[in-house]
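Single-letter residue listing:
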Amino acid sequence: MDYYHLIDRLEIRQGRWADGFHSSVKPYNRQSIIQLTDSILAKPTRDFSDTDYFNLGYLQDDSWEWVRGSTDSTKRDPFTKHLLPPPAPGDSKTLIGQKVPFLKPFFKKKADFYSVQTPDFDLHVNPVVSFGIGGENVSDQPGSTPESMRYPFVNSRGLELRGTIGKKLGFYTFFAENQAIYPYYISDYDSLYRPKDVGGGFAPGEGFTKIYRQKGADFITARGYFTLNILKIINLQFGHDRNFFGNGFRSLLLSDNSAPYLFLKLTTKLGRNIQYTNLFTELQNTQGNLQQSMLIPQKFAAMHHLSINITPKVNVGIFEAEVFSRDRVDLNYLNPIILYRFVESYRGSADNAMIGIDFKANFLTHFLVYSQFMLDEFILSELTSGKGSYTNKFALQAGAKYIDAFNVPNLDIQAELNLARPYTYSHFNTTFSSAGQGNYAHYSQPMAHPLGANFLEGLAIARYQYKRWSANGIFSLMMYGADIPGQNYGGNILLDYRSNVRDEGNFIGQGRKTIVTYAELRASYMIKHNIFLESRFMYRFKDSQYQPASYTDALASFALRWNLPYRNWVF
C-alpha cells in the first residue's frame, strides 16, 4: 500500500484538513494516522466505496495499538480463558496457532508476526522480505553487445521492530541485508553520483555500498529512532531515517531521495491549525579523496518548517534550511526560533542558505492543488534584468490530484511539473572547505530531486484500486542538460558552482540537451496484510544530444514484498 497516497485520498475526500494533522510533513506517526481515520469515520462528507472501507480497515489494522479498545494481551480472565476471546483491534480472523501449535504465539494480529501489549508496554516484531527478478533489454547502448540482455534482481532480508513504553516513549528499528543488480539506467545514473573511495558500489537512496558480482550492489539498510512527548504539544524524535516536506511525488524542499541520516526533530503543535517542525541533521560528504583510516567528513544542516491551515481547505508552509561545515555542531544553528540567514551573516560564514514555501488547497472533495518554490540564491537586480545570471538559483513545483476521477471509485489521477535552474542546490569551494561541505547532498546523492538541477520534468500518474488489487501507471518526460567533460553546466549539484561555464545567458537544459521518456505500469495483489505479489513493466528512452549516450531500456519483472514499501526509481 502507498501510505502517503492513502492519506491524501482521505484528506481530499473529507474536503477539509483534519484537526492537528499536517500531511505536508512526512513520515507520519501512527497515532496521528488513527486519529485521522477516527475523525473521518465520525464525520464523513460523502459515501465511502467498498475499497475506502477496506483501506480504512487496513490503516487501523496496521496501527492497531492506537485504536480504542486495545487490551492487555498477556492477561486473560481465568473464568473465560477456555473460550475464544472477544475480537480486538487488528485481530487475525483465523489464528494459525489453532492449526499449527508451535506457531500459537505468532500472527495473532493481522499486521504483526509477533506482538505483545500491556498497559505500560507494547512490542511489534515483523520479518522483512523482498525478492524480485526481471528480464531487461538494452538497445543502442554504448559498449559491448553482451550487456544488451540483463537479468536484474533485488534480494532483501531483515527485521522490523517497534513499540512504546508507557504510551510516551516510542522506538523503531529496521535492519535489512540487500544484494541487487539494478537496471542499466541506474548504472548509468551512478556514474554521476557514485561516492568516491567509499565502498566502491552504488545503490539509489542508500549509503555505504559494496560491489556485488562486478556490477551489482551489496549493502545494509538500517534505520532507527526513538520518539518522546516532552510536553503535551511538543514531540521529540532522534535517530536515523529520511524526512520529506511536501505534497507531491517529488519534493524540492527536502525529499527521501538520499540515504538515511542522523537527525533530531522537534514537532510543535500550536492549536489545531499550526505545526512547527525543527530538523537538525548530520550529513556525510563522500566527494573527497579518503584514505582507509579516515572518517568520512561530516557536515550539518538545520531546517525548520511552519505549516499553517489558513482555512479548513487552504494550507501554506514556510521552509528554511542552512547547510554548514564545521568540525563540530555550531550551537548558533540550534536556536529553534531564529532565521538561519541571520545566523549565517552573524557568524560571517559562507554557509549554504535556502528558503522555500509550499501551498496546497483542497476543494470539491475530489481535488487537491499544490505547489513549492525553493530559492537557493538570487540577486534581485540580476533576476529582474533577465540576463540569465548563474546566481538566479531556484526550483519550482506545481501539481494537482483528482481522486475518484470521472466518478470512478478509487481511480486517482495526478499531474506534476518540476523544474530547477542551473546550479541550484550546489555550493562553492572556500579556503577552509570544499563545495561538497555545503551542497544540498548526502552521501553524494541529492536531497531534493534525483536529477539535481538544470532540468524540467513533467509527470502523469494514474492509480486504481479494488480492495486487494491495485494498478499504478507513471509517465514522465524529463529534459535536462548534461555536462560536457571538464565543463560545469549546472546539472551536477556536487560541483563548485563558481566553475560555471558563463556568468550570464544560463538556461534550463544548457549543456548536452537530454530528453528522457519514462513509462511504468505496475500491478499488485495483497495476499495477506503487507504481503504483496506484483509485476512491473518499465520502458525508458534516453535521447541525448551526444548520440553515443542515447539508448532504450525495457524491463519486465516480478516481485514478492513483505513489510517493505515499493520504491520508485523514476529518473
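Residues numbered from 1 in each chain as written. Predicted model: local features only at pLDDT ≥ 70, side-chain atom pairs only at ≥ 80, totals over all residues. Heavy atoms only, no water.

K.L.:
Which residues make up the overall build of the protein, and what values go with them?
P.N.:
What the protein contains, in helices and strands, is seven helices and 25 strands. What you see for the protein is a C-alpha radius of gyration of 24 Å, in line with the 25 Å of a compact globule of 571 residues. The principal-axis extents of the C-alpha atoms in the protein amount to approximately 85 × 60 × 55 Å. Within the protein, buried positions represent 52% of all 571 residues. When contacts within the protein are restricted to residue pairs at least 6 apart in sequence, long-range pairs at least 24 apart make up 64% of them. By element, 62% of the accessible surface of the protein is carried by carbon and sulfur atoms, the whole surface being about 26000 Å². Averaged over its 59 positive side-chain charges, the protein has a centre that lies 5 Å from the centre of its 52 negative ones. (Helix = DSSP H or I, 4+ residues; strand = E, 2+ residues; numbered from the N terminus. Rg over C-alpha atoms; globule rule 2.2 N^0.38 Å. Buried < 20%, exposed > 50% of the residue type's maximum accessible area, 1.4 Å probe, protein only. Contact = heavy atoms within 4.5 Å. Areas by Shrake-Rupley, 256 points an atom, 1.4 Å probe, with all protein chains shown as cover. Lys, Arg positive; Asp, Glu negative; His and termini not counted. Charge placed at Lys NZ, Arg CZ, Asp CG, Glu CD.)

K.L.:
Describe the side chain of Ser 49, listing the residues and the values that go with them.
P.N.:
Inspection of the secondary structure assignment puts Ser 49 in the loop between α2 (30-42) and α3 (50-62). What makes Ser 49 buried here is its relative accessible area of 15%. Polar side-chain contacts of Ser 49 include one of 2.7 Å to the side chain of Asn 410. Excluding residues that lie within four positions of it along the chain, Ser 49 makes contacts with Pro 409 and Asn 410. (Polar contact = N/O pair within 3.5 Å; in protein donor to acceptor, adjacent residues only side chain to side chain.)

K.L.:
For the pattern of salt bridges, give the residues involved together with the corresponding values.
P.N.:
Tallied over the full model, the rule gives 23 salt bridges. Where Glu 11 meets Lys 360, a salt bridge forms, and the shortest distance between an N and an O atom there is 3.6 Å. Of this pair, Glu 11 sits in helix α1 (residues 3-14) while Lys 360 sits in strand β15 (residues 352-363), and the two are 349 residues apart along the sequence. For the pair shown, Glu 11 and Lys 360 are each scored as buried. Glu 206 serves as the salt-bridge partner of Arg 242, at 3.5 Å between the closest nitrogen and oxygen. Taken together, the residues span a long stretch of sequence, with Arg 242 in the loop between β9 (234-241) and β10 (244-245) and Glu 206 in the loop between α5 (184-193) and β7 (209-212) at a distance of 36 residues. The exposure classification of Arg 242 matches that of Glu 206, with both residues buried. Taken together, the salt bridges that share partners define one network made up of Arg 9, Arg 13, Arg 46, Asp 52, Asp 404 and Asp 412. (Salt bridge = Lys/Arg side-chain N within 4 Å of Asp/Glu carboxyl O.)

K.L.:
Can you break down the packing of aromatic side chains residue by residue, with the values?
P.N.:
Centre-to-centre distance and the angle between the planes together describe a pair of aromatic rings. The full count for this structure, using the stated rule, is 30 aromatic pairs. An angle of 45 degrees between the planes, with centres 6.5 Å apart, marks the rings of Tyr 4 and Phe 244 as tilted. Note that Tyr 4 is positioned in helix α1 and Phe 244 in strand β10, a separation of 240 residues in sequence. Between Tyr 189 and Tyr 193, the ring centres sit 5.1 Å apart and the planes meet at 45 degrees, which makes this aromatic pair tilted. Of this pair, Tyr 189 and Tyr 193 are both found in helix α5, four residues apart, which corresponds to roughly one turn of the helix. Looking at Tyr 189, the relative accessible area reads 11%, which means it is buried. We classify Tyr 193 as buried; its relative accessible area is 1%. Here the aromatic residues Tyr 185, Tyr 189, Tyr 193, Phe 202, Tyr 518 and Phe 571 are joined through ring pairs into a cluster of three or more. One Lys or Arg, Lys 167, reaches over the ring of Trp 66 and ends 4.5 Å from the middle of that ring. Directly above the aromatic system of Phe 428 lies the positively charged group of Arg 498, at a separation of 3.8 Å from the ring centroid. (Phe/Tyr/Trp six-rings, centres within 6.5 Å; stacked < 30°, edge-to-face > 60°. Lys NZ or Arg CZ within 6 Å of the ring centre and 35° of its normal.)

K.L.:
Residues and numbers for empty space enclosed by the protein, please.
P.N.:
Taken as a whole and assessed by the stated rule, the structure comprises one cavity of 30 Å³ or more. In terms of lining, the largest cavity is formed by Leu 6, Arg 9, Leu 10, Arg 13, Asp 52, Asn 55, Leu 56 and Leu 59. Secondary-structure elements contributing two or more residues to the lining of the largest cavity are α1 and α3. The residue makeup of the lining of the largest cavity, split by class, is four nonpolar, one polar and three charged. (1 Å grid on protein atoms, 1.4 Å probe; cavity = no way out; pocket = protein on both sides within 12 Å on 5 of 7 lines; lining within 4 Å. Points joined across faces, edges and corners; volume = space filled by probe spheres on them. Nonpolar A, V, L, I, M, F, W, Y, C, P; charged D, E, K, R; others polar.)

K.L.:
Summarise α5; cite the residues concerned and give the values.
P.N.:
Within α5, burial applies to Tyr 184, Tyr 185, Ile 186, Tyr 189, Asp 190 and Tyr 193. Residues of α5 that are buried make contact with β3 (121-139), β4 (149-150), β20 (445-446), β23 (512-528), β24 (531-544) and β25 (551-562).

K.L.:
Would you mind going over the packing of α1 against α3 in detail, with residue names and values included?
P.N.:
Where α1 contacts α3, the axes come no closer than 11 Å and their chain directions differ by 125 degrees. Relative to α3, the element α1 is oriented oblique. Viewed along their axes, α1 and α3 form a crossing whose handedness is left-handed. Where α1 abuts α3, its residues Tyr 3, Leu 6, Ile 7, Arg 9, Leu 10 and Arg 13 lie against Asp 52, Asn 55, Leu 56, Tyr 58, Leu 59 and Asp 62. Residue composition of the contact of α1 with α3, by class: seven nonpolar, one polar and four charged. (Axes fitted to C-alpha atoms, helices over the stretch in contact; angles between N-to-C directions. Parallel < 35°, antiparallel > 145°, perpendicular 65-115°, else oblique. Left-handed = near helix turned anticlockwise from the far one by under 90°.)

K.L.:
Explain the environment of Asp 412 residue by residue, including any values.
P.N.:
Within the secondary structure, Asp 412 is located in strand β18 (residues 411-420). Separated by 82 residues in the primary sequence, Asp 412 and Leu 494 place their C-alpha atoms 37 Å from one another. Not counting residues up to four positions away in its chain, the partners in contact with Asp 412 are His 5, Arg 9, Tyr 402, Ile 403, Asp 404, Ile 461, Ala 462 and Arg 463. Of note is the side chain of Asp 412, whose polar atom sits 3.0 Å from the backbone nitrogen of Asp 404.

K.L.:
I'd like a rundown of a nonpolar patch on the surface, residues and numbers included.
P.N.:
A cluster of nonpolar side chains, namely Phe 406, Val 408, Ile 413, Tyr 464, Tyr 466 and Trp 469, defines an oily patch on the protein surface of about 620 Å² accessible area. Turning to its location among the elements, Ile 413 is positioned in strand β18. Judged by relative accessible area, Ile 413 falls into the partly exposed class, the value being 31%. (Patch = residues over 30% accessible without salt bridge, like charges linked within 9 Å, V, L, I, M, F, W, Y side chains within 5 Å.)

K.L.:
Let's hear about the pairing of strand β13 (residues 298-311): which residues, and what values?
P.N.:
As defined by bridge partners, strand β12 (residues 274-284) adjoins β13 across eleven bridges and the pair is classed as antiparallel. Residue Gln 284 lies in a different strand from β13, and its bridge partner there is Gln 298. Counting the residues in the hairpin turn of β13 and strand β14 (residues 314-324) gives two residues. (Pairing = 2+ DSSP bridges.)

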